[in-house]
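Commentary on secondary and tertiary structure
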Amino acid sequence: MGGLPGRALVRVGPVSLQVRRRAVLVALASTVLLAAAAVLSLSLGTPYVAPADVLRALSGAGTPYDLVVLDLRLPRLVLAAVAGATFGLAGTLIQSVARNPIASPDVVGITQGAGLAATVAITTGAAAVLVAPAALLGGLVAALLLLALGARHGLAAQRFVLAGVAVAFALRALTEVVLLSADPIDGLRAQIWLIGTLAGKGWTETWWIVGTLVALLPVLAWAGWALNATALDDDTARGVGLRPVARRIGLAATGVLLAAAVTAQVGAVDFVALVAPQLARRLVRAERPPLVCAALVGALLLVLADLAGRRLFAPTQLPAGVLTAAIGGPYLMFLLVRGRRRSA
Amino acid sequence: MLATRDLVAGYDERTVLDGLDLTLPADAFTVIVGPNACGKSTLLRTLARLLTPRRGTVLLDGTAIRDLPTREVARRLGVLPQSPLVPEGVTVADLVGRGRQPYQRWWRQWSAQDAEAVDRAMTLADVAGLADRPVDTLSGGQRQRVWIAMTLAQDTEALLLDEPTTFLDLAHQVEVLDLLHRLRADRGRTVVAVLHDLNQAARYADHLIAMRAGRVVATGPPREILTAELVRDVFGLDCVVVPCPVTGAPLVVPGRTSPSPAPSPGAAAPSAGPSTAAPVPVADPSAGPGSSAGSVPVAGSAGSAPKGPAAPATRNATDDADRPHVGPYPKGH
């Protein structure tokens, strides 16, 4: 029994999964690159730690660098990887539902909803621990608004994107209003949150994101398969026994949940959710972004962006969000110049 | 196997089908014909549960289709919508494989039966040689065969197709219709298609459903029901119906529907004209044979404007029997 061309069959007892061969290669390659980037990220900085010492510290051998590597740099690195992977997953889900490579949480308003809520929380002097929950709530409210506006015609692709852009603009305008009327110091703090940074963050944020991922794991396993059908139009999908509207709502809800959860923790790090899925899709040469590869590419992107932000103008630290935006802007232009072939 | 009871369906405010009672014969090739916007596509979409009726029911082997899980329906009823969206970069085998969706789960994504069904469907639709090609690089005729292969991979008893020959050239139209005929004749599938071309409908259908303005005007074998009166009733078109020179099936030759402002010189036959051409019901057996052999339309090429309505009407059936090789009759497959 053969699988389809370009696919390998993974069989474990009653379970049989179709896996794209290229996706396996891309996943392996990005894992290797991610590991390399991680070692680099742990070794670069002041003080410099040789990669060999980094590895020794990681293995728990006990080195003089344990404090720097394990307590200062590792938490931030793991957060970058986990947050980047989650952005990649969220972007894949939202882009696939929207059938649009430009749709991502920061384009359809989720990030702006989280941003508005976080800004309000910061400028009204709420306790620091309340900022993340407020941002999560804001992102989810924006998502509900988006689903309500987009759901009228079964969450049709075009309508979904347009509704999202409208929600994003409205929320961004409100955020500006709040920022302008706020105390300057609070306003500055809010603006740093809005750009998105990993500085001063670590295990707590990581655990919140990992918790969300674990809770959604069964849904993600289903989504990896269900995404295959998003390329079909509704009539064709119904013809082969699917319920396309229910499926889109399920996938979109999963995507916005992930996006809101991660944005609440690390702030509005733009463009990772936009770029990672499309990069993965091009590498795998599939008709839609593959979930696992997009997650790995997202992790790699954010780890590199945070590393570059730390080291590029050291000792001045740039927020990771600035770096991802610097990558994402030209990428968006590339997409536009290349001509908008309908994809994703 | 498919039937409708008091079916009312439409879009938004507009009611397209109003109280339709219809039975589609099993193991037959049924063709639905009618003018644009008569509701034939709406009927097909409602039969395929792509459109939820406002009232009434669609029965699949006696059970209301809306009471059946969509996955189960997809194992018994394949449907090819009018112009499906071609996913970018998907290979032929991949797309055909999606026809296996109703048999798959996320933890059981591929089985030996899936592989067999996909191979069989691709061979049947003659796209096996294209298996590794991306669908969006194929020609219109190849794409249509790929979509048909996808519905075939579903392994259903019945197949519903909405204008499967639109946008195809004549040779590809015949190819697709021959394939549908084979499915019916060799594999005992029930095939239901919406077709625009009356002559193709007459040639291939075992059962014809003629619709106008959301109602069924006539049903039955084309040879019994396809007359000039029916065409006038359904399409408002004056025409002559003659036996097809190849198959003997009714062949509809349009007369002039309205006085044309500038008839091309020499084109008008002496008896031409809407009033004189219209009443000729069926081929006139008394007409002289062989009077204008050169102007006999090739079977299946309906719609082209005839030089003069009287000319083809003078052909008769016995004369046609002597010229058997204009094109293959599907019964021979």
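Residues numbered from 1 in each chain as written. Chains lettered and ligands numbered in written order. Predicted model: local features only at pLDDT ≥ 70, side-chain atom pairs only at ≥ 80, totals over all residues.

Next up on the list: the overall build of chain B. Counting its regular elements, chain B contains 12 helices and 12 strands. Contacts spanning at least 24 positions in sequence make up 67% of the contacts within chain B whose residues lie at least 6 apart. (Helix = DSSP H or I, 4+ residues; strand = E, 2+ residues; numbered from the N terminus. Contact = placed C-beta atoms within 7 Å.)

A separate point is the nonpolar core. If you look at the biggest cluster of nonpolar residues, it comprises 106 residues, and the most contacted ones within it are Ala118, Ala260, Ala276, Cys293, Leu296, Leu302 and Val303 of chain A. Sorting elements by how many residues they give to this core places helix 3 (residues 66-98) of chain A first, with 17 residues. Judged by nonpolar contacts, the second largest core, of 94 residues, contains Ile32, Leu47, Val58 and Val240 of chain B. (Core = buried A, V, L, I, M, F, W, Y, C linked by C-beta atoms within 7 Å. Buried ≥ 20, exposed ≤ 12 C-beta atoms within 10 Å, placed from the backbone.)

What follows covers the sheet that holds strand 5 (residues 63-64) of chain B. Adjacent strands of a sheet pair through backbone hydrogen bonds, lying either parallel or antiparallel. All names here are of chain B. The antiparallel open sheet is built from 4 strands, whose spatial order is 2-1-4-5. The sheet terminates laterally at strand 2 (14-24) and strand 5, the two strands that pair on one side only. In terms of strand pairing, strand 1 (residues 2-11) meets strand 2 through 8 bridges, oriented antiparallel. In the strand pairing of strand 2, Tyr11 is matched with Arg14. Of the strands in this sheet, strand 1, strand 2 and strand 4 (55-60) are in contact with helix 1 (residues 40-47), which crosses strand 2 at around 65°. (Pairing = 2+ DSSP bridges. Axes fitted to C-alpha atoms, helices over the stretch in contact; angles between N-to-C directions.)

Attention now moves to the pairing of strand 3 (residues 29-33) of chain B. Residues and elements named next belong to chain B. Across the 5 residues that make up strand 3, a large majority, 5, are buried. Of the two faces of strand 3, both are covered, the one formed by Phe29, Val31 and Val33 as well as the one formed by Thr30 and Ile32. For strand 3 and strand 8 (residues 190-194), the ladder comprises 4 bridges, and the chain directions are parallel. The residue of strand 8 that forms the bridge with Ile32 is Val194. Here strand 3 runs beside strand 9 (residues 207-212); their pairing, made up of 4 bridges, is parallel.

Quick look at the sheet that holds strand 7 (residues 158-162) of chain B now. Residues and elements named next belong to chain B. In space, the 6 strands of this open sheet follow the order 6-7-8-3-9-10, with mixed pairing throughout. Each edge of the open sheet is held by one strand with a lone partner, namely strand 6 (77-80) and strand 10 (215-220). Looking at each pair of strands side by side, their axes are set apart by 15° on average, direction ignored. Each of strand 3, strand 7 and strand 8 touches helix 6 (residues 170-187); the most contacted strand, strand 8, lies at about 155° to it.

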